[in-house]
Amino acid sequence: MEETHTMPETITPAVPPTPPVPLSALLAREDLGLRQIAGPSDPSLVIHWAHTSEMADPYPYLLGGELLLTAGVHVPEAAGSGTYFDEYVSRIVAAGGAALGFGLAPVHDTVPRALVAACERHGLPLLEVPPQTTFSGVARAVWQLMAQARLAELRRVTEAQQSLASAAARPDPVRSVLRRLARHVSGHAVLYGPDGTALAAAGREPADEVRSALAGLATVVRATGDPAPEADRAPEAGPHATGGGTAGTTRAGTGSGVLPAPDHSATPDRFAAPDHSAAPPASGRPTAAPPAPAPPPPAPSRPLPASATDTIGSTHLAVYALGAGEGFVLGMAGARREPGDHTIASVAAVLLSLLTGEHHSGAGAARSSALVRLLLGASPEAVAPLLGEGGWVVVHARPEGQRPDAVAASALGAALGSPLVDLAHDVVRVLVPGGRLPEPQAGWTLGVSAAVAPREWAAADGQAARALARARATRAPLVRHGARPGWDALVPRADAEAHARAVLAPLAGRPELAETLRNWLALHGSWDRTAVALDVHRNTVRQRIARCAALLDADLDDPDVRMELWFALRHG
């Protein structure tokens, strides 16, 4: 009985997460001496690994994308006069094999002519492997080329990350990031708003059909409601947007091959090709399809994809959802998709998420509004409702062993539950709304004010500063300002301030003396702890306190004098 084979449809290779190797690069290796004798010589042909097999039917053992190496041990003597080679090559093609390498010696002195003809018919590249070249040497060369490609990819991604981060710090960060992204991926980049409008774009202007398809693909990942028909809403990416759809443009759910995946080209079959595949997608865009019933709506609990890809003609499309569901989408279109493009686009998406979240979210808009109102003369009480509800505390913080930077300051604000952060020379100040009670933070020394109303923000700032000084002097992770009423509450504020000005008049214009005296009194006259709190030498503290005693003409060892001076310093 004649053996028959079930011929499945050609599948898309399940390629590994490594850069592919151009077949031309392998042929260029002089140490291998490989020679292509049949099949297409397209420069875009790539292989993902090398595999040796002497099976008559290698299909069950191939994943796709291989350079299959064989010495022809499986070839029967009468193979040239039958259909053996035609069936053998067709099975390799059906399994997704990228190329076939036939080794000369010890079985065959030449490549069988029937095999050459079969490879030509089926479009499979056929390489002649000379006797001096081992199959293991070919496999080693493949992995060497992969390693080189991987290193080049990592360098490209690293350079792109640095470039995009630099662009995000420019005066016009959103457009700067889009321009850099378009340059790195050699294509078009566009930022869509929550309503589908193209807010900014950069790079090569795509054709109307591509622009319309990209806008339609963005609806796949947008977190807002049901998208409008594409003909009504697909926006232009340029400055003179006119909108309009294009006939024949396909969308998710219509057979276009859209896959909501982080790093894939659009592929319709059982395997999805990762970003490292430089080969064009196997799926083409359908020109006609039989009518089918409308698909049921997705379950409400089904999460939206973070990204999606598609192709239109020879153009690759990709979209990325930004932020936490606010509806902003990054779109990209290009003639090719290189290894590393997904990583570069993901970095840009993160940066754009931060930029759009900061400037367009409700909380960010409220903070901006509060700042503008304060600058234009509004009182703290008037702007406080924009920032939060309840009581307020001020936190002064210093990191251990180093000066704070912007990243550390932002992280501290997030840990304390407030975006209202001020980075000074060596202290981070955080205005914490909503009655939250700050807790100790690892790596930080904190001083926390009492809970106050907005009109007392300035007083709370002073409380937090003194609490931080005490925390540093006592090496405590956190010190809170005491909220218990003191004797100063018995004296009207105006009278207390007038008395303080009179007592401290000799120290006017010498803030370093007043600050030293305040810390020295707060720390019970300890020279060493005062020196630690002020970051000065203990002898400097002694000299300043002696100078204060002389200018004030006071005996600082007298507890009554100390009490009066402390009262004045608290209200000065």
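Residues numbered from 1 in each chain as written. Predicted model: local features only at pLDDT ≥ 70, side-chain atom pairs only at ≥ 80, totals over all residues. Heavy atoms only, no water.

So, on to the nonpolar core. If you look at the biggest cluster of nonpolar residues, it comprises 28 residues, and the most contacted ones within it are Leu 164, Leu 178, Leu 181, Leu 330 and Leu 352. Residue assignment for this core shows that the elements contributing at least two residues are α4 (135-168), α5 (173-185), β8 (187-192), β9 (198-203), β11 (315-321), β12 (329-334) and α8 (341-360). Broken down by element, this core gets its largest block of residues, eight residues, from α8. Counting residues in hydrophobic clusters, the runner-up holds 22 residues, among them Phe 85, Val 89, Ala 94 and Cys 119. (Core = buried A, V, L, I, M, F, W, Y, C linked by side-chain atoms within 4.5 Å. Buried < 20%, exposed > 50% of the residue type's maximum accessible area, 1.4 Å probe, protein only. Helix = DSSP H or I, 4+ residues; strand = E, 2+ residues; numbered from the N terminus.)

Looking now at a nonpolar patch on the surface. A cluster of nonpolar side chains, namely Leu 371, Val 372, Leu 375 and Leu 376, defines an oily patch on the protein surface of about 460 Å² accessible area. Structurally, Val 372 is set in helix α9 (residues 362-375). (Patch = residues over 30% accessible without salt bridge, like charges linked within 9 Å, V, L, I, M, F, W, Y side chains within 5 Å. Areas by Shrake-Rupley, 256 points an atom, 1.4 Å probe, with all protein chains shown as cover. Salt bridge = Lys/Arg side-chain N within 4 Å of Asp/Glu carboxyl O.)

Under the definition given, this model contains 18 salt bridges. We note a salt bridge from Arg 429 to Asp 422, for which the minimum N-O separation is 2.9 Å. By relative accessible area, which is 32% here, Arg 429 ends up partly exposed. Look at Asp 422 and you get partly exposed, because its relative accessible area is 30%. Among the charged side chains, a network of salt bridges with common partners joins Arg 398, Asp 426, Arg 472 and Asp 535.

Ala 105 connects to Pro 106 through a cis peptide bond whose omega is 5°. If you trace the backbone, Pro 106 turns up in the loop between β6 (99-103) and α3 (113-122). Not every positive phi belongs to a glycine, and Ala 105 is a case in point at roughly 65°. Structurally, the position occupied by Ala 105 is in the loop between β6 and α3. Of note in this structure, His 524 is not a glycine but carries a positive phi near 60°. Along the chain, His 524 turns up in the loop between α14 (511-522) and α15 (527-534).

Scanning the entire structure with this criterion turns up four aromatic pairs. Ring plane angle 5° and centroid distance 6.3 Å describe the contact between Tyr 84 and Tyr 88, whose orientation is recorded as stacked. Taken together, the residues Tyr 84 and Tyr 88, both in helix α2 (residues 84-94) and four residues apart, mark about one turn of the helix. Through a chain of ring-to-ring contacts, the aromatic side chains of Tyr 84, Phe 85 and Tyr 88 assemble into a single cluster. When the ring centre of Tyr 59 is taken as origin, the NZ or CZ atom of Arg 91, which lies over that ring, is 4.4 Å away. (Phe/Tyr/Trp six-rings, centres within 6.5 Å; stacked < 30°, edge-to-face > 60°. Lys NZ or Arg CZ within 6 Å of the ring centre and 35° of its normal.)

The subject of this paragraph is the sheet that holds strand β14 (residues 421-423). The strand order β14-β15-β13-β16-β17 describes an open sheet built from five strands, whose pairing is mixed. Here the strands that pair on one side only, and so sit at the sheet edges, are β14 and β17 (478-480). Going from strand to strand, the sheet's axes swing by 15° on average, the running direction of each strand aside. Where strand β13 (residues 393-399) meets strand β15 (residues 428-432), five bridges bridge the pair, whose relative direction is antiparallel. Along β15, the bridge assignment pairs Val 394 with Leu 431. Along the sheet, helix α12 (residues 457-474) contacts β13, β15, β16 (444-448) and β17; its crossing angle with β13, the most-contacted strand, is approximately 35°. (Pairing = 2+ DSSP bridges. Axes fitted to C-alpha atoms, helices over the stretch in contact; angles between N-to-C directions. Contact = heavy atoms within 4.5 Å.)

Below, the discussion takes up the environment of Asp 86. Considering the arrangement of structural elements, one finds Asp 86 in helix α2. Judged by relative accessible area, Asp 86 falls into the partly exposed class, the value being 28%. With 33 residues separating them in the primary sequence, Asp 86 and Cys 119 have C-alpha atoms 8.0 Å apart. Excluding residues that lie within four positions of it along the chain, Asp 86 makes contacts with Ala 118, Arg 121 and His 122. Reaching out from Asp 86, the side chain makes a polar contact with the side chain of Arg 121 at a distance of 3.1 Å. (Polar contact = N/O pair within 3.5 Å; in protein donor to acceptor, adjacent residues only side chain to side chain.)

This is a description of form; function is not addressed.
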